[in-house]
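The primary structure of each chain is shown beneath.
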Amino acid sequence: MDIHRSTEDYLEAMLMLREEHGYIRSIDVAKQLGVTKPSVSYSTKRLREAGYITMDDDSYITLTDAGMAIASRILERHKLLTAFFIHLGVDPAVAREDACKVEHDISEETFDALCRHAKAAREKS
């Protein structure tokens, strides 16, 4: 299934918020992504319809198993790419920004190779 970049961004942001605060609210998603609350309302509706999130009566968001799988994959890519770029000497702020761009487009083959490289480098140190 082809997942849109915006879907990945929303799910990743939601997972990051859950890890940071223990809960996910639409207003926090808007702040995290720098978008308007109406944009988040539209996107959360689409994410609910796709089965990636649920919302309770108090409007707290929960990632479903399908949503968590996507969010975890993207967040893992983001963290590894950020660390890799920083290790190469890239400024941390630039590394995070570039990781956001690359995490969506990098192939599984290339990402797996980076993971193997990072693991081998850790084992050598």
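For the structure itself, consult the block above.
From a predicted model like this one, the values you see are computed outputs, not experimental measurements. (Residues numbered from 1 in each chain as written. Predicted model: local features only at pLDDT ≥ 70, side-chain atom pairs only at ≥ 80, totals over all residues. Heavy atoms only, no water.)

Draft legend 1. Local environment of the overall build of the protein chain. Check the secondary structure of the protein chain and you find 6 helices and 2 strands. Sequence-ordered secondary structure for the protein chain, helices as α and strands as β, is α-α-α-β-β-α-α-α. With the principal axes as the frame, the protein chain shows a C-alpha extent of 50 × 30 × 25 Å. Going through the 125 residues of the protein chain one by one, you find that 35% of them count as buried. When contacts within the protein chain are restricted to residue pairs at least 6 apart in sequence, long-range pairs at least 24 apart make up 56% of them. Total accessible area computed for the protein chain in this model is approximately 7,700 Å², and 53% of it derives from carbon and sulfur atoms. (Helix = DSSP H or I, 4+ residues; strand = E, 2+ residues; numbered from the N terminus. Buried < 20%, exposed > 50% of the residue type's maximum accessible area, 1.4 Å probe, protein only. Contact = heavy atoms within 4.5 Å. Areas by Shrake-Rupley, 256 points an atom, 1.4 Å probe, with all protein chains shown as cover.)

Draft legend 2. Structural view of the packing of helix α1 (residues 5-21) against helix α2 (residues 26-33). As a packed pair, α1 and α2 sit with axes 10 Å apart at the nearest point and diverge in direction by 115°. Taken as axis vectors, α1 and α2 run roughly perpendicular relative to one another. Considering only the axes of α1 and α2, their crossing is right-handed. Contact residues: D9, Y10, A13, M14, M16 and L17 in α1; D28, V29, Q32 and L33 in α2. Here the contact of α1 with α2 is composed, by residue class, of 7 nonpolar, 1 polar and 2 charged. (Axes fitted to C-alpha atoms, helices over the stretch in contact; angles between N-to-C directions. Parallel < 35°, antiparallel > 145°, perpendicular 65-115°, else oblique. Left-handed = near helix turned anticlockwise from the far one by under 90°. Nonpolar A, V, L, I, M, F, W, Y, C, P; charged D, E, K, R; others polar.)

None of the figures reported here should be taken as evidence of function without further support.
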